[in-house]
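What follows is each chain in one-letter form.
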Amino acid sequence: GILMWPRPHKEWKGEGTTAHFYEILLGRCYTYTQIVRPELGHKDCQKIGKAFTGAFLSKDPCSSTEQDYKPLMELTDQAVPCDKTLLWSKSSQLAHDYTRVRQAMFTLEDTLLGYMADGLRWCGDSGSSDMNYKSCPNWREDCSNNSFSVFWNTVSKRFAEDACGVVHVVLNGSISNTFDERSTFGRVEVFNLRPEKVHRLQAWVMHDIGSARSDSCSSSSINVLKRILKERSIAFSCENNYGPIRLLQCVKNPDHPSCRF
Ligand code: NAD
């Protein structure tokens with residue numbers, strides 16, 4: 001008879017699926033729903049895990065759609081209280097250091113689905129029911145509608161749509177594009193805040209300890225953000241080096257002159 005070898009996966013320019021992806025996903029789901037937020041203990045992690053992999057397995061990883069993730073989104077709805085949403089862009093570490101201490105505030109990664117997926121990579125292949133552990137599409141070099149990018153666009157969109165009251169964002173004042181129109185925050189989140197229920201966007205522009213003092217709130221990139229929000233009828237306010245987050249930076253740099261209070 002003819003010997004059938006498994007068809008090799010296509011080769012992409014990005015890193016492949018994280019080893020033990022499914023086990024990590026399930027473990028994180030149980031950790032979150034049983035330990036971190038036991039009020040979500042009713043969520044069905046087995047079902048959530050299957051809906052997650054069902055969104056991308058046996059499919060072309062370059063033709064992913066929001067629709068693919070719909071069953072997963074429906075199983076993982078979660079209310080974030082008004083005034084407690086924290087967005088971030090180019091400031092992942094700092095934003096998460098902050099919510100770790102201020103547990104009432106939520107980044108996307110402090111909600112179930114963001115918590116499960118943060119830092120992982122995944123993709124499938126139309127010719128196989130397995131994950132591709134060797135390589136996955138790189139969003140710049142291979143395709144933008146890849147299973148990984150579409151997931152983050154979809155969950156970021158929902159996170160912004162669900163936000164209410166005063167929404168906060170931590171931005172990086174130590175780079176030139178403090179507000180980056182091509183980032184998820186600039187492309188997706190800003191445009192999916194609902195003016196009917198979001199009273200204001202409060203930006204905290206943080207400078208790295210030791211970087212030159214500058215007033216980034218009056219920089220041209222922040223002006224672009226200001227203009228977009230004005231057009232969308234959402235009030236905007238901006239603060240350089242917000243005190244409580246500055247204190248966290250200083251915990252890591254206690255001897256720096258700018259940390260002597
Ligand atoms: P950012 O530019 O700091 O990007 C955050 C991470 O997502 C980086 O690792 C970046 O390389 C990657 N990324 C961004 N857009 C991507 C895309 N289209 N395809 C693949 N990878 C992409 O900040 P950002 O883009 O403004 O995203 C942060 C905001 O969006 C947060 O408010 C968060 O809610 C959400 N988000 C989170 C993640 C995450 O990995 N946890 C990823 C994307 C978006």
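Refer to the preceding data block for the structure.
What counts, and at which threshold
- Residues numbered from 1 in each chain as written.
- Predicted model: local features only at pLDDT ≥ 70, side-chain atom pairs only at ≥ 80, totals over all residues.
- Heavy atoms only, no water.
- Disulfide = S-S within 2.5 Å.
- Helix = DSSP H or I, 4+ residues; strand = E, 2+ residues; numbered from the N terminus.
- Buried < 20%, exposed > 50% of the residue type's maximum accessible area, 1.4 Å probe, protein only.
- Phe/Tyr/Trp six-rings, centres within 6.5 Å; stacked < 30°, edge-to-face > 60°.
- Near = heavy atom within 4 Å.
- Polar contact = N/O pair within 3.5 Å; in protein donor to acceptor, adjacent residues only side chain to side chain.
- Nonpolar A, V, L, I, M, F, W, Y, C, P; charged D, E, K, R; others polar.
- Pairing = 2+ DSSP bridges.
- Axes fitted to C-alpha atoms, helices over the stretch in contact; angles between N-to-C directions.
- Contact = heavy atoms within 4.5 Å.
- Expected span 1.5 Å × (residues − 1).
- Parallel < 35°, antiparallel > 145°, perpendicular 65-115°, else oblique.
- Left-handed = near helix turned anticlockwise from the far one by under 90°.

Some thoughts on the state of the cysteines
1) Next: Using the criterion set out here, one finds 6 disulfides in the structure.
2) Next: There is a disulfide in this structure between Cys123 and Cys136, and the S-S distance comes to 2.2 Å. Its torsion about the S-S bond being -90°, the disulfide of Cys123 and Cys136 is classed as left-handed. Here Cys136 lies in strand S3 (residues 135-136) and Cys123 lies in the loop between helix H5 (112-117) and S3, a separation of 13 residues in the sequence. Assigned by exposure class, Cys123 and Cys136 land together as buried.
3) Next: The partner cysteine of Cys217 in its disulfide is Cys238, sulfur to sulfur 2.0 Å. The S-S bond linking Cys217 to Cys238 shows a torsion near -80°; that makes this disulfide left-handed. Separated by 21 residues along the polypeptide, Cys217 in the loop between strand S5 (198-206) and helix H8 (220-231) and Cys238 in strand S6 (residues 235-240) bring together distant segments of the chain.
4) Next: In the protein, the cysteines engaged in disulfides, taken in order along the sequence, are linked 1-2, 3-7, 4-8, 5-6, 9-10, 11-12.

Digging into the packing of aromatic side chains
Describing an aromatic ring pair means giving the distance of the ring centres and the angle of the ring planes.
1) Next: Applying the stated rule across the entire model yields 16 aromatic pairs.
2) Next: Taken together, a centroid distance of 5.1 Å and an interplanar angle of 55° make the contact between Tyr32 and Tyr115 tilted. Of this pair, Tyr32 sits in helix H1 (residues 21-36) while Tyr115 is found in helix H5, placing the two residues 83 residues apart along the sequence.
3) Next: Ring pairing ties together the aromatic residues Phe21, Phe52, Phe56, Tyr69, Trp122, Phe148, Phe151 and Trp152, which thus form one cluster.

What about the site of the ligand?
1) Next: Taken together, 17 residues lie around the ligand, and Ser89, Glu109, Ser149, Thr184 and Glu189 are the ones closest in.
2) Next: Interatomic distance of 2.8 Å between a backbone N/O atom of Thr184 and an oxygen atom of the ligand.
3) Next: Elements supplying a minimum of two residues to the shell around the ligand: strand S2 (86-89), helix H6 (147-162) and helix H7 (184-192).
4) Next: Residues of the shell around the ligand, tallied by class, amount to 7 nonpolar, 5 polar and 5 charged.

Notes on the sheet that holds strand S4 (residues 165-172)
1) Next: Taken together, the 4 strands give an open sheet; going across it, the order is S2-S4-S5-S6, and neighbouring strands pair in parallel fashion. At either margin of the open sheet sits one strand with a lone partner, and together these are S2 and S6. The sheet shows a mean angle of 20° between the axes of neighbouring strands, taken without regard to direction.
2) Next: Examined bridge by bridge, S4 and S5 share 8 bridges and lie parallel to one another. Note that in S5 the partner of Gly165 across the bridge is Val198.
3) Next: Against the sheet, helix H4 (residues 92-101) makes contact with S2, S4 and S5, and its axis sits at roughly 160° relative to S2, the strand it touches most.

As for helix H9 (residues 243-252)
1) Next: For H9, every residue scored as buried is listed here: Ile245, Arg246, Leu248, Gln249 and Cys250.
2) Next: Along its buried surface, H9 packs onto H4, S4 and S5.

Considerations on H8
1) Next: Here H8 is 12 residues long and its end C-alpha atoms lie 17 Å apart, about the 16 Å a rise of 1.5 Å per residue gives.
2) Next: Turning to H8, the residues buried within the fold contact S4, H7, S5 and S6.
3) Next: Immediately beyond the C-terminal end of H8, within one or two residues, lies Ser233, with a positive phi of roughly 60°.

Structural notes on the packing of H1 against helix H2 (residues 45-54)
1) Next: Their axes nearest at 10 Å, the elements H1 and H2 cross at an angle of 140°. What the angle tells us is that H1 and H2 run oblique. Viewed along their axes, H1 and H2 form a crossing whose handedness is right-handed. When H1 is examined against H2, the residues Phe21, Tyr22, Leu25, Leu26, Cys29, Tyr30 and Thr33 are found in contact with a partner set consisting of Cys45, Gln46, Ile48, Gly49, Lys50, Phe52 and Thr53.
2) Next: By residue class, the composition of the contact of H1 with H2 is 9 nonpolar, 4 polar and 1 charged.

Describing the packing of H7 against H8
1) Next: Contact geometry for H7 and H8: axes closest at 10 Å, N-to-C directions at 25°. The pairing of H7 with H8 is recorded here as roughly parallel in orientation. Both H7 and H8 take part in a crossing whose hand is right-handed. Together, Phe185, Val190 and Phe191 of H7 and Leu225, Ile228 and Leu229 of H8 make up the contact between the two elements.
2) Next: Of the residues that constitute the contact of H7 with H8, the class distribution is 6 nonpolar, no polar and no charged.

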